[in-house]
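Descriptive structure summary
Given next are the chains, with one letter for each unit.
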Amino acid sequence: MNDKDRRSMPLFGIGIVMKLTELTARQIRYYEENDLIHPERTKGNQRLFSFNDVDRLLEIKNYLDKGLNLAGIKLLLTDEDSNVEKTEEKEKALPKEKKSVLTDKELRAILRQEITEANRFGKANLRQGELARFFVNR
DNA sequence: TTTCTTACA
DNA sequence: TGTAAGAA
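Here the residue index of a chain counts from 1 through its sequence in written order. Written order determines the labels here, with chains lettered from A and ligands numbered from 1. Reporting of local features is limited, given that this is a predicted model, to residues whose pLDDT is at least 70; pairs of side-chain atoms are given and counted only at 80 or more, and all residues count toward the totals for whole chains, interfaces and linings. Think of the side-chain values as coming from all heavy atoms in the structure, minus any hydrogens and water.

**Considering the nonpolar core**
Threshold: Residues belong to a common nonpolar core when they are buried Ala, Val, Leu, Ile, Met, Phe, Trp, Tyr or Cys residues joined through side-chain atoms within 4.5 Å. When accessible area is computed with a 1.4 Å probe and restricted to protein chains, residues below 20% of their type maximum are described as buried, those above 50% as exposed, and intermediate ones as partly exposed. Only DSSP runs of H or I covering at least 4 residues are called helices, and only runs of E covering at least 2 are called strands; the numbering of each starts at the N terminus. Residue ranges for the domains originate in an automatic or database domain assignment. Whether two residues are in contact is decided by their heavy atoms: any pair within 4.5 Å suffices.
The biggest cluster of nonpolar side chains holds 20 residues, and the ones touching the most others in it are Ile28, Tyr31, Leu57, Ile60 and Ile73. Listed by contribution, the elements that provide at least two residues to this core are helix H2 (14–21), helix H3 (25–33), helix H4 (51–65) and helix H5 (70–77). Two domains each donate at least three residues to this core, and these are domain 1 (1–60) and domain 2 (66–138). Residues within four places of Ile73 in sequence aside, it is in contact with Leu36, Ile60, Tyr63, Leu64 and Leu68.

Written out as structure tokens, the structure reads:
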């Protein structure tokens, strides 16, 4: 078994994850409702989180502190898992004339950097609304 | 005891 | 987001 499998293995109950992330059960469930995380379930319908899920919750927590809302965070995290390959394939499939200057992946990387930077000054400039628009209108 | 869903001050 | 209620 490799690391990739290990990280995605459903292992922790919500109680453990609460301690690990310092998030309330309410918050964790709410983030799931908004498709930011997709923990597995036991036969008894109990949530089971993987290392990846925990890391993701930690990232979500960080972005929240930086002033982003769930919609914005979702845009930034959506391609970081299974979708990343798809996105790259899709971009490769495009005829080079129609390729945008920046790939989705690069765009998100830049955005992450901007947010981190804005955070140094005072997270007042780059806000959620702008972030969402940035993606929708690109 | 812990977690789940649903609903609401 | 917190919290309550009833079920699992």
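**What about the environment of Lys74?**
Mapping Lys74 onto the fold places it in helix H5. Through-space distance from the C-alpha of Lys74 to that of Asn34 is 8.3 Å; in sequence the pair is 40 residues apart. Residues in contact with Lys74, not counting those within four places in the same chain, are Asn34, Asp35 and Leu36.

**Regarding the protein's contact with DNA strand B**
Condition: Being near a molecule or strand, for a residue, comes down to having at least one heavy atom within 4 Å of it. We define a polar contact as two N or O atoms separated by no more than 3.5 Å, with the added condition that, inside protein, one atom must be a possible hydrogen donor and the other a possible acceptor, whereas residues neighbouring each other in sequence contribute only through side-chain atom pairs.
As a matter of local geometry, DNA strand B sits amid Ile14, Gly15, Arg29, Arg41, Asn45, Gln46 and Arg47. Atoms of DNA strand B within 4 Å of the protein belong to the sugar or the phosphate in 95% of instances, the rest to bases. Measuring from a phosphate oxygen of DNA strand B, one finds a backbone N or O atom of Gly15 at 2.9 Å. Separating a phosphate oxygen of DNA strand B from a side-chain N or O atom of Arg41 is a distance of 3.1 Å.

**With respect to the environment of Asn69**
Inspection of the secondary structure assignment puts Asn69 in the loop between H4 and H5. Here the side chain of Asn69 touches Ala71 through a polar contact of 3.2 Å, landing on its backbone nitrogen. Reaching out from Asn69, the side chain makes a polar contact with the backbone nitrogen of Gly72 at a distance of 2.7 Å.

**Brief notes about the packing of H2 against H4**
Inclusion rule: Note on method: axes are straight lines fitted to C-alpha atoms, helices fitted across the in-contact stretch only, with angles between N-to-C directions ranging 0 to 180 degrees. Each angle gets one of four labels, with under 35 degrees taken as roughly parallel, over 145 as roughly antiparallel, 65 to 115 as roughly perpendicular, and the rest as oblique. Crossing handedness is read from the near helix: turned anticlockwise from the far helix by less than a right angle, it gives a left-handed crossing, and turned clockwise, a right-handed one.
Orientation of H2 relative to H4, taken along the N-to-C sense of each, is 45°, at an axis distance of 10 Å. When the axis of H2 is compared with that of H4, the two are oblique. For the pair H2 and H4, the crossing hand works out as right-handed. Note on element contacts: H4 touches H2 through Val54, Leu57, Leu58 and Lys61, opposite Val17, Leu20 and Thr21.

**Digging into unusual backbone geometry**
Positive phi is not limited to glycine here, since Asp35 has a value of about 60°. For Asp35, the position within the fold is in the loop between H3 and strand E1 (40–41). Backbone geometry at Asn45 places phi at a positive 70°, although glycine is not the residue there. Relative to the assigned elements, Asn45 resides in the loop between E1 and strand E2 (47–48).

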